[in-house]
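# Overview (structure and organization)
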Amino acid sequence: MRRYLVSRFAFMVVTVYAIATILFFLLRVAPGDPTSRFVNEALPREDILALRAAWGLEDALHVQYLRYLRNLTLLEFGTSFTLREPVAPVLFDRIFNSVLLLTPALVLMTVLGVILGAAAGWRRGSRYEQTIVFVSLLGRGMPTFFIGMLVLMLFAYQRQWLPAGGMTAPGELPGRVEMLMSLDFWKRMILPGVTIIATGIYGPMLLMRTSIIEVLGEDFLEVLKAKGLPGWRIAVHAARNAMLPVITSTAVTFAFIIDGQVIVEQIFSWPGAGRLIVQSMLDRDYPVLQAAFFLVAVSVVVANLIADLLYGYLDPRVRYD
Amino acid sequence: MAGEGAGASLAPSTGTGDSVAERVARAAAARPAPGPRRWLMERAAWAAGTLRIAWSDHLAKVGIVMLVLFLLAAGIGPEIRTTPPFESVTLEDGRIAKNLPPSRAYPAGTNRLGQDLLVQLLHGARMAIFVGLLAAGGGAIIGTLVGLTAGYYGRLVDQTLMRVTDVALAIPFLPFALVFLALFGPGLRNIVIILALLFWRSPARVVRSQVLTLKERPYIQAARAGGAGNVRIMFVHLLPNLLPLIFLYVALGIGGAVSAEASVSFLGFGDPLTATWGQILNSAFTAGAMRTAWWWVVFPGLALTLFVTSIYLVSRGYEEAVNPRLRRM
């Protein structure tokens, strides 16, 4: 186990390092000068060179590369071009907002998916199961932004049940605690949350269904039946054993969850990291773009590790070597 | 979603296409290499057989019919309705036909600029098929080369290439695509490039594992004994047996690529002068059409959904046809 952890961790570091390196060289081979956003072209040539030298852009490539790696490791992400503020605090603030939206949505999605999927597998061949499979089939083909726009259209505009976007009412800047205590904040979370669930629930649901169908043939269920347990308690036993792939797959699909989050935040003007990423790309705000991308890569790699470890924890039969 | 292709592709990792590959392998081992014409005829017969099996499955049938309709719409639609997609159409009294709900003259309505949405949707179908084929095809070619090389040479080559693939698999799609497009400029050509560059990863893995089992077969040993070089064995003897599997990944990839392109265009990194479904939805979103013009949102969204679903149904049917073991579920 320890050897596995060490090698797994080493691979993680190598992966993150490789991705950071790819990003570094992408930034260098990309057409156009990254400083052109920051430096007025009309300045005399010497002045531009002096500025570039001050930023270290005139140093040899390997010096720049080593400095880049050092800064990433120390989480020194520099100053945003557009916000003119240090990147790290802004970024972590935005990540916090994203997590605030994502956590309840993911938990609810997994729980709902497991229950609905388990019921479908348990009642195989019923009208209910067919409905679940059909809805999943269509739902999987629906892009996140289409679902988001439909949700907006139906619940925020046609029936004005819930606010259309933002995390707080426009013009208001409550403190964090104050915001979390207000009903308005939770109301604003519903539509984006529903969109996340409606985009991602089909995976866990279908997986749970097949998983239950597979477990149904196993001997331990016969034993439970022979013991005379009521149906629902047998179902719970079956579900516990079938849940394994669902939980690990949620962790594995973390990269796709991030994709969805970027789009949801865009549609519902949620001030999270995804919206910051899109904005920094549109503005060509290189420091923010670098930092955000780096953190996303790290989180995906960590999520994969968690998935692997969870697998072993939930199913003792799994051996690491 | 962007992940759809890759997500679905995780499932058939063990032994997909085994049976067909085995059959073909046995046939190839049993008799001398057939001429190109005969090979072509055998392939055609095989394709017909595959289609017949897929047709017996109801969902696959629905998928095939929808896909054919999309192909027709893409092929002849823009030739029948010849208005340029970004031209504002005018009413009889000379006013621009702005924000018209669906009617007989404009079955999908018009947008805020008075552009005929049906025309844009038909062009969008064309672009979807174009983008999907190019991106999925390009990715499948890269993936096949990587997987074939890794699986065939084994040892250090395999180790290196597979570690590279593992690293590549950890790259999150949308953020990376956005970085790439921010650096190299938005637009359809760069979108296709980045989609192909991100799509090769899962085919590479699956092709490799398939090569690992295929290369131990007697007919490969026979070819080697007959003096065939490495490149010849890889491309003449192994590649044809990998094709069913590769086609499956191209099929899955088309759906993934189309929805990925739509996401990227929706976020504003597409080509504003090309009518793709994602681009239509982007302009609908920025114009606030959810409030004013439901048809501007619903039709392109439905087109996307149905296209991706039909691709999924067809590839599922195809997968079951080439891998009978899947038919039980």
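Residues numbered from 1 in each chain as written. Chains lettered and ligands numbered in written order. Predicted model: local features only at pLDDT ≥ 70, side-chain atom pairs only at ≥ 80, totals over all residues. Heavy atoms only, no water.

## Let's talk about the side chain of S136(A)
All names here are of chain A. Secondary-structure assignment places S136 in helix α5 (residues 127–141). Residue S136 is classed as buried on the basis of its relative accessible area, which comes to 0%. Only 2.7 Å separates the side chain of S136 from the backbone oxygen of I132, close enough to count as a polar contact. When sequence neighbours within four positions are dropped, the list of residues in contact with S136 reads Y202, M205 and L206. (Helix = DSSP H or I, 4+ residues; strand = E, 2+ residues; numbered from the N terminus. Buried < 20%, exposed > 50% of the residue type's maximum accessible area, 1.4 Å probe, protein only. Polar contact = N/O pair within 3.5 Å; in protein donor to acceptor, adjacent residues only side chain to side chain. Contact = heavy atoms within 4.5 Å.)

## What to know about the interface of chain A and chain B
Put simply, an interface is often sized by how much accessible area is lost when its parts join up. Of the residues lining the interface, 48 residues belong to chain A; the matching set on chain B comes to 50 residues. Of the roughly 4,500 Å² buried between chain A and chain B on both sides combined, carbon and sulfur atoms contribute 82%. When residues of chain A are sorted by the area they lose upon contact with chain B, R140(A), F145(A) and M149(A) head the list and together hold 15% of the total. Run the count over chain A and chain B and you get zero salt bridges. In this assembly, chain A and chain B are joined by two residue pairs in polar contact (both at pLDDT 80 or more). Elements with a minimum of two residues in the side of chain A that touches chain B: α1 (2–29), α5, α6 (144–158), α9 (202–216), α13 (254–267), α14 (273–283) and α15 (286–314) of chain A. (Buried area = accessible area lost by both parts, 1.4 Å probe. Salt bridge = Lys/Arg side-chain N within 4 Å of Asp/Glu carboxyl O.)

## What to know about the pattern of salt bridges
All names here are of chain A. On inspection of all chains with the given rule, the structure shows five salt bridges over all chains. Ionic pairing is found between R209 and E129, a salt bridge with its closest N-O pair at 2.6 Å. Of this pair, R209 sits in helix α9 while E129 sits in helix α5, and the two are 80 residues apart along the sequence. Just as R209 is buried, E129 falls in that class too. With a shortest N-O distance of 3.8 Å, K225 and E222 are connected by a salt bridge. In this pair, K225 and E222 both sit in helix α10 (residues 219–227), three residues apart, roughly one turn of the helix. Classification of E222 as partly exposed rests on a relative accessible area of 45%.

## So, unusual backbone geometry
At S269(A), a residue that is not glycine, the phi angle is positive and equals roughly 45 degrees. Exposure remark for S269(A): the relative accessible area of 34% places this residue in the partly exposed category. One non-glycine residue, R155(B), lies in positive phi territory at about 45 degrees. For R155(B), the position within the fold is in helix α6 (residues 155–169).

## Quick notes on the environment of P89(A)
Residue and element names in this part refer to chain A. Among the secondary structure elements, P89 is positioned in helix α4 (residues 87–122). On the basis of relative accessible area, P89 is assigned to the exposed category, the value being 53%. Each C-alpha atom of the pair P89 and F77 lies 9.7 Å from the other, and the pair is twelve residues apart in sequence.

## A few points about the confidence of the model for chain A
Mean pLDDT over chain A works out to 81, with 93% of the residues at or above the 70 mark. Element-level mean pLDDT values for chain A span from 71 in helix α7 (residues 176–181) of chain A up to 88 in α4(A). (pLDDT = per-residue confidence, 0-100.)

## Observations regarding the nonpolar core
Among soluble globular proteins, nonpolar side chains are generally buried collectively. F77(A), L238(B), L267(B), F269(B), W277(B), V297(B) and F307(B) are the most contacted members of the largest nonpolar core, which totals 146 residues. Looking at which element gives the most residues to this core, the answer is helix α11 (residues 230–269) of chain B, with 15 residues. Setting aside residues up to four positions removed in sequence, L267(B) forms contacts with V262(A), I263(A), Q266(A), V278(A), L282(A), L174(B), L178(B) and N282(B). Core analysis: the second largest hydrophobic core is formed by 13 residues, A118(A), M208(A), I212(A) and L221(A) among them. (Core = buried A, V, L, I, M, F, W, Y, C linked by side-chain atoms within 4.5 Å.)

## Remarks on helix α4 (residues 58–80) of chain B
Along an α-helix, residues three or four apart share an orientation, since each turn contains 3.6 residues. Residues and elements named next belong to chain B. Compared with an ideal rise of 1.5 Å per residue, which puts 23 residues at 33 Å, α4 spans 31 Å between its outermost C-alpha atoms and is within 8% of the ideal. Within α4, the axis deviates most sharply at A74, by approximately 35 degrees, and proline P78 lies no more than four positions further along. When α4 is considered as a whole, its buried residues turn out to be A60, G63, I64, M66, L67, F70, A74, G77 and P78. (Expected span 1.5 Å × (residues − 1). Bend = angle between axes of the 7 residues up to and from the residue.)

## Re the packing of helix α12 (residues 244–252) of chain A against α13(A)
Residues and elements named next belong to chain A. It is the contact of α12 with α13, at a shortest axis distance of 5 Å, that shows an interaxial angle of 55 degrees. Classified by the angle between their axes, α12 and α13 sit oblique to one another. On the side of α12, the interface is formed by T250, A251 and V252, while α13 contributes F254, A255 and I257. A class-by-class count of the residues in the contact of α12 with α13 yields five nonpolar, one polar and no charged. (Axes fitted to C-alpha atoms, helices over the stretch in contact; angles between N-to-C directions. Parallel < 35°, antiparallel > 145°, perpendicular 65-115°, else oblique. Nonpolar A, V, L, I, M, F, W, Y, C, P; charged D, E, K, R; others polar.)

## Digging into the packing of aromatic side chains
Residues and elements named next belong to chain B. Tallied over the entire structure, the rule returns 14 aromatic pairs over all chains. Aromatic side chains Y152 and Y153 sit 5.3 Å apart centroid to centroid with 85 degrees between the ring planes, which places their arrangement in the edge-to-face category. With relative accessibility at 36%, the residue Y153 sits in the partly exposed group. (Phe/Tyr/Trp six-rings, centres within 6.5 Å; stacked < 30°, edge-to-face > 60°.)

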